[in-house]
Amino acid sequence: MHIFTNPNYNFLRWRWHAVALSWIIILAGVFVLYTKGVPKGVEFAGGTSVIMQFDTTPSVDSVRRALNENYPGGGQDAIVQTYGDPSLRQVMVRVPQVGAEQGASLSAAAQNVENALRKSNLGNFTVVGTEIVGPAVGEELTQKGIWAFVLSLVGILGYIAFRFEFSFAAGAVIATLHDVLVTFAFLAFFRYDLSLNVVAAILTVTGYSTNDTIVIFDRVRENMRKLRRESLNDIINISINQTLGRTVITAGTALLSAIALFLFGGEVLHGFAFTMIVGIITGTYSSVFVAAAIVTFWRRTKPSKLSTAAPVAASAAPARKSKSQRKARAS
């Protein structure tokens, strides 16, 4: 299937503009995270989530007022929000702290939330879901998530450095780190909770972006051997154009699947699907612009083995005698 016929776009012409745009998004995300903090899900922050389905939908303010009046110690720190399809009339209450992590006290917070709402006459409701995570478990999950990401970057760096060159490995790792930072920025903009689903999506995006980058780098390596007279920028542009159809098809099908999951997957998968949508877009963007920019900068400052192989081979080959030299020797 051919989408483009002999494409010849100058992608590297806009690489520094793209890098500047990325920096703007990342710095804006850092500012939002610094001022508003990282919204953590129950898995990482620890706490109790209770999902209730009402006969008639109450307002979020009335639920919050009921918790402030009737929850033991006050419910000022509780998070109240509608949940799922509005037609289901569901409300989620999340209390950020739980009591002891053993015994029957694990369910005390959930029971207190239910009792507080029943005392306020908000209407009949049934509890359809409860999730309880202790703070120690949340801290352990946070550490494991960080280690999983760090080890994945180390593995990517080692693999690409072994298969290609260190300049390619540096470009791939920086592009992958760029994807994660941009994705975190958009999660901060839209205030999605950092949950296990989001962490799984980020690790999935890491692998997707790396695969897309390796496909382009593999074509660059082939063309560097075939097109020795071309400049590095021309070789990278040619390689990106040669793989452009594959990139569009792969990214397009993955993006359509993520959009369908976001629209029809339900509230539980919203964070996962949103992270995938942002990650697929920024992963494709970074493979074309960011990774290529890093490689061009690196190889201009440090000559590579492939670029120096041709001059060495040329100097080692015996020089052919000119026609005038041969005639002089014959006479």
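Let me sum up the structure you'll find in this document. Keep in mind that what you see is a predicted model, and the values were worked out from it rather than measured.

Summed over the entire model, instances satisfying the criterion amount to nine aromatic pairs. Ring geometry for Phe 11 against Phe 289: centres 6.3 Å apart, planes inclined by 70 degrees, an arrangement best described as edge-to-face. One end of the pair, Phe 11, is in the segment before helix H1 (15–36); the other, Phe 289, is in helix H10 (residues 270–301), and 278 residues separate them in sequence. Assigned by exposure class, Phe 11 and Phe 289 land together as buried. Ring pairing ties together the aromatic residues Tyr 9, Phe 11, Tyr 285 and Phe 289, which thus form one cluster. If you follow Arg 118 out to its NZ or CZ, it ends over the ring of Phe 125, 4.2 Å from the centre.

On to the pattern of salt bridges. Two side chains that carry opposite charge are able to pair once their charged atoms sit near each other. All told, the structure shown has six salt bridges when counted by the stated rule. Taking the shortest distance from any N to any O, the salt bridge between Asp 61 and Arg 64 comes out at 3.5 Å. Here the residue Asp 61 and the residue Arg 64 both occupy positions in helix H3 (residues 60–70), the gap between them amounting to three residues, near one helical turn. Using a relative accessible area of 29% as the deciding quantity, one classes Arg 64 as partly exposed. Between Arg 118 and Glu 114 there is a salt bridge, with the nearest N and O atoms lying 3.1 Å from each other.

Considering all chains together, one arrives at two cavities of 30 Å³ or more under this definition. Estimates place the volume of the largest cavity at around 70 Å³. Leu 33, Val 38, Pro 39, Phe 184, Leu 187, Ala 188, Tyr 192, Asp 193, Leu 194 and Val 198 together form the lining of the largest cavity. Per element, the largest residue contribution to the lining of the largest cavity is three residues, and it comes from helix H6 (residues 166–189). In this structure, the second largest cavity spans a volume of roughly 30 Å³. Elements with a contribution of two residues or more to the lining of the second largest cavity: helix H7 (196–226) and H10. Looking at the lining of the second largest cavity residue by residue, the class counts come to seven nonpolar, one polar and no charged.

The computed volume of the largest pocket comes to approximately 610 Å³. Around the largest pocket, the lining comprises 25 residues; the ones closest to its centre are Tyr 83, Met 92, Arg 94, Asp 193 and Glu 267. Secondary-structure elements contributing two or more residues to the lining of the largest pocket are helix H2 (42–45), strand E1 (47–54), strand E2 (79–83), strand E3 (90–95), strand E4 (125–133), H7 and H10. Among the residues forming the lining of the largest pocket, the class breakdown is ten nonpolar, nine polar and six charged. Taken as a whole, the second largest pocket holds about 390 Å³ of empty space.

To continue, consider the nonpolar core. Of all hydrophobic cores here, the largest spans 38 residues; its most connected members are Ile 160, Phe 168, Phe 217, Val 220, Ile 236 and Ile 240. Those residues in contact with Phe 217 that lie beyond four places of it in its chain are Phe 164, Phe 168, Ala 172, Ala 291 and Val 295. Val 50, Ala 78, Ala 109 and Leu 122 belong to the second-largest nonpolar core, a separate cluster that totals 19 residues.

The rules we used
- Every chain's residues receive numbers from 1 upward, in the order its sequence appears when written.
- This being a predicted model, a pLDDT of at least 70 is required before a residue's local features are given, and a value of 80 or more before pairs of side-chain atoms are given or counted; all residues contribute to the totals for chains, interfaces and linings.
- To get the side-chain values, take all heavy atoms of the structure and skip hydrogens and water.
- For this analysis, a ring pair means two rings from Phe, Tyr or Trp (six-membered ring only for Trp) whose centres lie within 6.5 Å, classed as stacked if their planes differ by under 30 degrees, edge-to-face if by over 60, and tilted for the remaining angles.
- Secondary structure follows DSSP: runs of H or I at least 4 residues long count as helices, runs of E at least 2 residues long count as strands, and numbering of each begins at the N terminus.
- Remark: exposure states derive from per-residue accessible area (1.4 Å probe, protein chains only) relative to the maximum for the residue type, with buried under 20%, exposed over 50%, and partly exposed in between.
- Only when the NZ atom of a Lys or the CZ atom of an Arg is both within 6 Å of the ring centre and within 35 degrees of the ring normal do we say a charge sits over the ring.
- Here, a salt bridge means any Lys or Arg side-chain nitrogen found within 4 Å of an Asp or Glu carboxyl oxygen.
- Buriedness of a pocket was judged along seven lines, with at least five required to meet protein on both sides within 12 Å; pockets are open sets of points on a 1 Å grid over the protein atoms alone, cavities are sets where a 1.4 Å probe fits but cannot get out, and lining residues have an atom within 4 Å of a point.
- Grid points are joined across faces, edges and corners, and a volume is the space filled by probe spheres set on the points.
- When residues are grouped by polarity, Ala, Val, Leu, Ile, Met, Phe, Trp, Tyr, Cys and Pro land in nonpolar, Asp, Glu, Lys and Arg in charged, and all others, Gly among them, in polar.
- Here, the term nonpolar core denotes a set of buried Ala, Val, Leu, Ile, Met, Phe, Trp, Tyr and Cys residues that are joined through side-chain atoms within 4.5 Å.
- What makes two residues a contact is simply this: any of their non-hydrogen atoms within 4.5 Å.

None of the figures reported here should be taken as evidence of function without further support.
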